[in-house]
Amino acid sequence: MMLYKKLPTTRFSFSVFVGTVLFLLLCSQAIAQSTANTITFSKFTMQQDAKDEANGMSGLRLKFDIAFSWAEEDFFKRTFSMTYRLDENGKTILRCTDPGLYAPSVTPTQQTVKGKPGMVSIGKEVFIPYTAIPLESGPKQLDLYFSLANDEGTYTDCFKTKLIFNHKKIVRHSLNDQVFTFSNIQLDAAAKEFSTSRRALAIAADVNFKYNLEESIEDKYEVCWLIRNAAGKQVFDSRKIGSTGDRTEVLPNELREGKAGAKLSMVASYHDIDLEGPNEAEIVFLLLGTEGGPKEIFSKKMMLDLPYKYNFEEQSFTLKSTSAKATQRDGVQGIEVQYACAFKNTGVMRNEEKGMYYFYAAIFDAAGKVVVAPERASTQGAGTAHLQDGQLPSPENAIASGSLFIPLHMLTVPAGSHALKFGLFVSDKGLQSKFPMVGNGNIAVAKPAEQLYALSLERLDMINADYDTEIIPISSNLPELQYYFAVGEDNYFASEYNRNSLSAIPATATLRLCEGDPINLVLYDVDSGFFNDNDLLGKWKIDYAGKGNSFVYELHDAGQVVALRLKISKVTE
């Protein structure tokens with residue numbers, strides 16, 4: 001047991017005699033108060049050949065209690081940093097400030113110490129790995145010193161004791177000396193690449209290391225993997241993945257079930273493997289960063305059942321079923337075309353830049369003329385159709401099925417009954433790559449009278465509230481208000497918006513619809529980036545039936561809305 005008393009230094013001013021006397025009186029009072037501050041270490045024990053379970057290192061485990069003869073209310077004054085050093089024959093050989101070493105901070109709790117208010121920290125522990133002690137193996141006697149410090153002062157060498165133990169010098173091996181053993185190798189041919197969701201080949205393995213962490217200079221290893229075909233030609237390198245670049249893997253040197261090793265898991269997109277079909281191939285793992293270049297640490301020949309590849313334009317389709325009927329969707333009157341269609345090619349697409357396959361429907365009159373007007377289509381449609389069901393075929397997804405909806409207000413035929421035809425087509429999203437018609441049929445419709453309505457948002461103000469997450473102090477929680485004029489669920493007009501504003505930008509747009517189709521005003525807080533999504537703030541159905549040629553829709557102090565004024569006018573052609 002050792003007691004430590006800290007005496008603060010004092011400075012004297014000799015400018016005037018009276019000032020000197022007063023200063024000495026104050027300092028003597030301060031000394032009298034501070035001399036009671038003592039730190040006591042007790043119950044000190046040392047365990048040789050202890051194991052640090054976190055990294056498997058062996059060394060000395062020190063345990064002790066600390067008592068403080070004074071109490072501090074302030075948490076920061078009550079927190080002390082701890083340092084230690086080891087001396088041999090008066091020469092310092094180790095400090096806890098050396099790389100890889102640390103000592104815990106000390107934040108004692110307030111307790112009564114010998115009948116007086118004080119502080120106590122119970123069961124403190126320090127681990128000193130043998131690898132940090134720069135001595136040869138054998139019996140050792142070293143002097144251990146502990147120091148504590150906080151903003152109030154430094155308590156240097158407040159505890160000293162002698163450590164007597166049998167030291168074990170650990171030989172540490174370089175990257176080139178490490179030996180890797182692969183086992184439990186598993187291939188998953190139905191994996192997905194995380195970043196792109198492409199179909200991929202995944203490999204997993206258990207890797208054991210000959211030298212554990214305390215026997216190794218490095219605590220992690222960087223590896224890549226290669227695939228070579230039967231002729232020895234390299235067909236995949238995880239360091240060269242198209243535009244995405246390097247896909248190496250870092251293996252941490254850690255304890256797994258008591259042994260040094262790591263779990264390896266890597267993925268290769270079929271798009272990046274220059275090989276297809278069943279093939280004998282060689283799987284190779286390289287250790288990077290070694291002297292003289294990458295070092296091969298694993299090689300094994302395996303049978304790989306790789307998918308065949310095809311070009312976007314080589315796809316063909318077999319119609320399984322199709323039908324059409326007049327119906328409503330979201331209150332909008334229209335034609336629904338249902339279909340089921342099989343893909344011929346379900347391998348891997350070479351030219352993925354073409355995008356996915358999109359099924360779309362075109363409507364024709366009896367003479368075969370297209371009667372879907374692109375300029376009447378909503379912003380969610382494209383070309384002469386309402387695109388839907390974009391997807392990439394795969395063995396698990398060889399048949400595309402779904403339904404397409406074409407609103408009657410998109411048709412250029414006049415109001416009344418019509419015998420029309422429909423055609424089912426497939427293309428890319430931009431309708432540039434077209435295939436032969438997949439299927440067709442007849443449909444009878446009764447189109448209601450067309451109507452034009454001009455919508456003018458004159459005012460939209462929201463309450464001041466927390467709309468967005470403040471990521472950094474200079475960011476704002478105010479919204480970016482954007483509204484849509486919609487027919488049913490189709491957004492036909494999108495307004496502009498200001499950043500960080502409680503007011504929307506006024507605008508006017510004209511909608512063409514069939515009598516009875518619903519008109520909606522939809523409001524979003526438009527956000528971009530990782531942390532915020534677009535938030536729906538409100539949706540209002542505008543009832544225009546029987547309101548005359550012009551009317552106003554208004555709200556005041558309704559939920560988050562302070563004021564909303566929308567003018568609606570019927571337009572005659």
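Residues numbered from 1 in each chain as written. Predicted model: local features only at pLDDT ≥ 70, side-chain atom pairs only at ≥ 80, totals over all residues. Heavy atoms only, no water.

For R85, the position within the fold is in strand β4 (residues 81-88). Engagement of the side chain of R85 in a polar contact is seen with the side chain of D157, the distance being 2.7 Å. Here R85 is in contact with T92, L94, R95, D143, L144, Y145 and D157, once residues within four sequence places are set aside. (Helix = DSSP H or I, 4+ residues; strand = E, 2+ residues; numbered from the N terminus. Polar contact = N/O pair within 3.5 Å; in protein donor to acceptor, adjacent residues only side chain to side chain. Contact = heavy atoms within 4.5 Å.)

Before going further, it helps to examine unusual backbone geometry. The backbone of D157 sits at a positive phi, close to 50°, despite the residue not being glycine. Mapped onto the elements of the fold, D157 is located in strand β9 (residues 153-167). Despite not being glycine, N500 has its phi angle at roughly 55°, a positive value. Judged by relative accessible area, N500 falls into the partly exposed class, the value being 33%. (Buried < 20%, exposed > 50% of the residue type's maximum accessible area, 1.4 Å probe, protein only.)

Another point: the sheet that holds β4. The strands that make up a sheet are held in pairs by hydrogen bonds between backbone atoms, and each pair lies either parallel or antiparallel. What the 4 strands build is an open sheet, ordered β5-β4-β8-β9; its pairing is antiparallel. A single partner strand is all that each edge strand has here, and the edge strands are β5 (91-95) and β9. Across this sheet, the average inter-strand angle for adjacent strands is 30°, counted without regard to direction. Sheet analysis places β4 next to β5, joined by 4 bridges and oriented antiparallel. Bridged to R85 within β5 is R95. (Pairing = 2+ DSSP bridges. Axes fitted to C-alpha atoms, helices over the stretch in contact; angles between N-to-C directions.)

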